[in-house]
Amino acid sequence: MEFTAKQIADMIGGRVEGNENAAINSFAKIEEGKPGAISFLSNPKYTHYLYETQSSVVLINEDVELEQPVAATLIRVKNAYESVAKLLQLYESMKPRKTGIEPQAYISEKATIGKDCYIGAFAYIGDGAVIGDGTQIYPHTVIGEGVKIGEKSTIFPNVTIYQGCQLGKNVTIHAGSVIGADGFGFAPNANGYDKIPQIGIVVIEDDVEIGANTCVDRSTMGQTIIRKGVKLDNLIQVAHNCEIGENTVMSAQVGMAGSTKIGSWCMVGGQAGFSGHIHVADKTFVGAQCGVISDTKGDGEKLIGSPAMDTKVFFKAKALYAKLPEMYRQIAALQRELDELKKK
């Protein structure tokens, strides 16, 4: 597929500076630009590449001021990062979706498969499963009994979705993820632990994307819920009876203990951890490696550290922490002086 700079500008509401007929057929990072590619500049640290890139077209923000001539054709937009995301989405949507059932797949006679679906080799579709129109199930994926998956979803290879779980429309689950495994429920007794049966399900609403090797456990009773628009990175653990609010995003290796409730539009950094039975308010920012052990205040609170605290308090405490060795020496010296005075 090939487009001109003018066609691209029309798609994203941009303004062309240079050759509006410049043709592009691929994407490239600005530092790795090549003829026929489109790049973008959103981080000021990469501005110097603008003057040397070989890309034919570069998306830049409206307020970027040029300090020297640029060989590439420019498309000025309000937000270059958002604009390139839209272009990538458009490019992805133009790729043909796979359809058809490969002969090595197993599909129960009691399952319902929608129109234009793709079922890959060695995939397993259990009794009572319902697969929506246009959904793609890649090889070696297991769809358990009674699972419901909405239309135009994509389940990549080696995903396991346990019995009874429900997925909405346009859900993407990447390779190796497990949806609906038992929650970690055990009751101690004199001889060890009694397993508490986990009889609930996982509900994943529309437009959710879940990264590779992420696990979402089924609830003890009721539902573990991933709300509409949530984006989870790779290697995340969502425990039983948790709920993640709409449009919340989480980076890799986040861990949630049971019955944690995360609000809408939250941003969670990598390796953050949440104690069980707490509520995190809407629009809370949780920094990387943060340990959240109690309910949060809301109002766009920004947390960092373990245990979690307000960022301003954390950095003040961090500054004092660096001074502790010197403070210790001063206190020790004062103690020695005090002891000498007492002797006299």
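Reading guide: rules and limits
Going along each chain's sequence as written, the residues are numbered from 1 onward. Residue-level local features of this predicted model are given only where pLDDT is at least 70; pairs of side-chain atoms are given and counted only at 80 or more, and the full residue set underlies all totals for whole chains, interfaces and linings. Hydrogens are left out, water is left out, and the side-chain values use all remaining heavy atoms of the structure. Numbering of helices and strands runs from the N terminus; a helix is a DSSP stretch of H or I covering at least four residues, while a strand is a stretch of E covering at least two. In this setup the radius of gyration rests on C-alpha atoms only. A globule is expected at 2.2 Å times the number of residues raised to 0.38. A contact between two residues is defined here by any heavy atoms of the two lying within 4.5 Å. For the area figures, the Shrake-Rupley method with a 1.4 Å probe applies, and any residue is considered shielded solely by the protein chains shown. A side-chain nitrogen of Lys or Arg and a carboxyl oxygen of Asp or Glu constitute a salt bridge if their distance falls within 4 Å. Only protein chains enter the accessibility calculation, which uses a 1.4 Å probe; a residue is then buried when its area is under 20% of its type maximum, exposed when over 50%, and partly exposed in between. In this description, strands pair whenever DSSP reports at least two bridges between them. Expected helix span is given by 1.5 Å per residue-to-residue step, counting one fewer step than there are residues. Residues adjacent in sequence count toward polar contacts only when both atoms are side-chain atoms; beyond that, a polar contact is any pair of N or O atoms within 3.5 Å, and within protein one must be able to donate a hydrogen and the other to accept it. It is the directions from the helix axis to the C-beta atoms whose arc is reported. Only rings of Phe, Tyr and Trp enter the pairing, Trp through its six-membered ring, and a pair is recorded when the two centres are within 6.5 Å. The plane angle decides the type: under 30 degrees is stacked, over 60 is edge-to-face, the rest tilted. All axes here are fitted lines through C-alpha atoms, helices being fitted over the stretch that makes contact, and every angle between N-to-C directions spans 0 to 180 degrees. Oblique is the label for every angle not falling under 35 degrees (roughly parallel), over 145 degrees (roughly antiparallel), or within 65 to 115 degrees (roughly perpendicular). Gly is placed with the polar residues, together with every amino acid not listed as nonpolar (Ala, Val, Leu, Ile, Met, Phe, Trp, Tyr, Cys and Pro) or charged (Asp, Glu, Lys and Arg). Patch criteria: residues need more than 30% relative accessible area and no salt bridge. Like-charged residues are merged within 9 Å; nonpolar side chains of Val, Leu, Ile, Met, Phe, Trp and Tyr are merged within 5 Å. Under this rule, positive means Lys or Arg and negative means Asp or Glu; His and the chain ends count for nothing. The atom standing in for a charge is NZ when the residue is Lys, CZ when it is Arg, CG when it is Asp and CD when it is Glu.

Visitor: Any chance you could break down the overall build of the protein chain for me, citing the residues and the numbers?
Guide: For the protein chain, the helix and strand inventory stands at three helices and 40 strands. Taking 2.2 N^0.38 as the reference for a compact globule, 344 residues should give roughly 20 Å; the C-alpha atoms of the protein chain span a radius of gyration of 27 Å, well beyond that estimate. Projected onto its principal axes, the C-alpha positions of the protein chain cover 95 × 70 × 30 Å. Counting only contacts in the protein chain whose residues sit at least 6 apart along the sequence, the fraction spanning at least 24 positions is 17%. Element-wise, carbon and sulfur atoms account for 53% of the exposed surface of the protein chain, whose accessible area totals about 19100 Å².

Visitor: Lay out the pattern of salt bridges in plain terms, naming residues and giving numbers.
Guide: Two side chains of opposite charge can pair, provided their charged atoms sit close to one another. In this structure the tally under the stated criterion is nine salt bridges. One salt bridge in this structure joins Glu 92 and Lys 95, with 3.4 Å as the shortest N-O distance. Its relative accessible area of 47% is what places Glu 92 among the partly exposed residues. Its relative accessible area of 39% is what places Lys 95 among the partly exposed residues. Connected through salt bridges with shared partners, the residues Arg 15, Glu 17 and Arg 76 form a single ionic network.

Visitor: I'd love a proper account of the side chain of Thr 296, names of residues and values included.
Guide: Relative to the elements of secondary structure, Thr 296 occurs in the loop between strand 38 (291-292) and strand 39 (302-304). Accessibility expressed as a relative area gives 14% for Thr 296, which makes it buried. With near-sequence residues (within four places) excluded, Thr 296 lies in contact with His 279, Val 280, Ala 281, Thr 284, Glu 301 and Leu 303.

Visitor: So, the environment of Ile 8: which residues are in play, and what are the values?
Guide: Tracing the chain through its elements places Ile 8 in helix 1 (residues 5-12). Placed 155 residues apart in sequence, Ile 8 and Gln 163 show a C-alpha to C-alpha distance of 45 Å. Apart from the residues lying within four places of it in its own chain, the contact partners of Ile 8 are Phe 3, Ile 24, Ile 38, Ile 75 and Leu 87.

Visitor: Tell me about the sheet that holds strand 8 (residues 100-101), residues and numbers included.
Guide: Overall, mixed pairing links the twelve strands, which are arranged 8-11-14-17-20-25-28-31-34-37-39-40 in an open sheet. The strands lining the two open edges of the sheet, one partner per strand, are strand 8 and strand 40 (309-310).

Visitor: Run through helix 2 (residues 80-94), naming residues and quoting values.
Guide: An α-helix turns once per 3.6 residues; consequently, residues spaced three or four apart project the same way. With 15 residues, helix 2 should reach 21 Å at 1.5 Å per residue; the first-to-last C-alpha distance of 21 Å fits that figure. Where the residues of helix 2 are buried, they touch helix 1, strand 4 (26-27), strand 5 (37-41), strand 6 (57-61) and strand 7 (73-77). Sitting at the head of helix 2, Asn 79 places a side-chain oxygen 3.0 Å from the backbone nitrogen of Tyr 81.

Visitor: Provide a residue-level description of helix 1, including the pertinent values.
Guide: Residues of helix 1 that are buried: Ala 5, Ile 8, Ala 9 and Ile 12. Along the axis of helix 1, the buried residues cluster in a sector spanning 100°; they form a single face. Of the residues flanking the end of helix 1, it is Gly 13, one or two places downstream, whose phi is positive at about 70°.

Visitor: Tell me about the pairing of strand 23 (residues 192-195), and name the residues and values.
Guide: The pairing of strand 22 (residues 186-189) with strand 23 spans four bridges and is classified as antiparallel. Residue pairing across strands places Asn 189 opposite Gly 192, the latter belonging to strand 23. Connecting the antiparallel pair strand 22 and strand 23 is a turn made up of two residues.

Visitor: Hey, could you go over the packing of aromatic side chains for me, with residue numbers and the actual values?
Guide: Counted by the stated rule, this structure contains eight aromatic pairs. Aromatic ring contacts, followed pair by pair, group Tyr 118, Tyr 138 and Phe 156 into a single cluster.

Visitor: Describe the packing of helix 1 against helix 2, naming the residues involved and giving the relevant values.
Guide: Packing of helix 1 against helix 2 leaves a shortest axis separation of 10 Å and a crossing angle of 105°. By the angle between their directions, the pair helix 1 and helix 2 is classed as roughly perpendicular. Listed contacts from helix 2 to Ile 8, Met 11 and Ile 12 of helix 1 are Ser 83, Leu 87 and Leu 90. Along the lines of polarity and charge, the residues of the contact of helix 1 with helix 2 split into five nonpolar, one polar and no charged.

Visitor: Can you lay out a negative patch on the surface for me, pointing to particular residues and giving the numbers?
Guide: On the surface, Glu 62, Asp 63, Glu 65 and Glu 67 cluster together into a negatively charged patch. Exposure remark for Glu 65: the relative accessible area of 68% places this residue in the exposed category.

Visitor: If you had to explain a nonpolar patch on the surface to someone new, which residues and values would you point to?
Guide: Residues Met 1, Tyr 91 and Met 94 make up a contiguous nonpolar surface patch of about 300 Å² in total accessible area. Locating Met 94 in the fold gives a position in helix 2. Note on Met 94: relative accessible area 36%, which makes it partly exposed.

Just distances and angles here, no functional claims.
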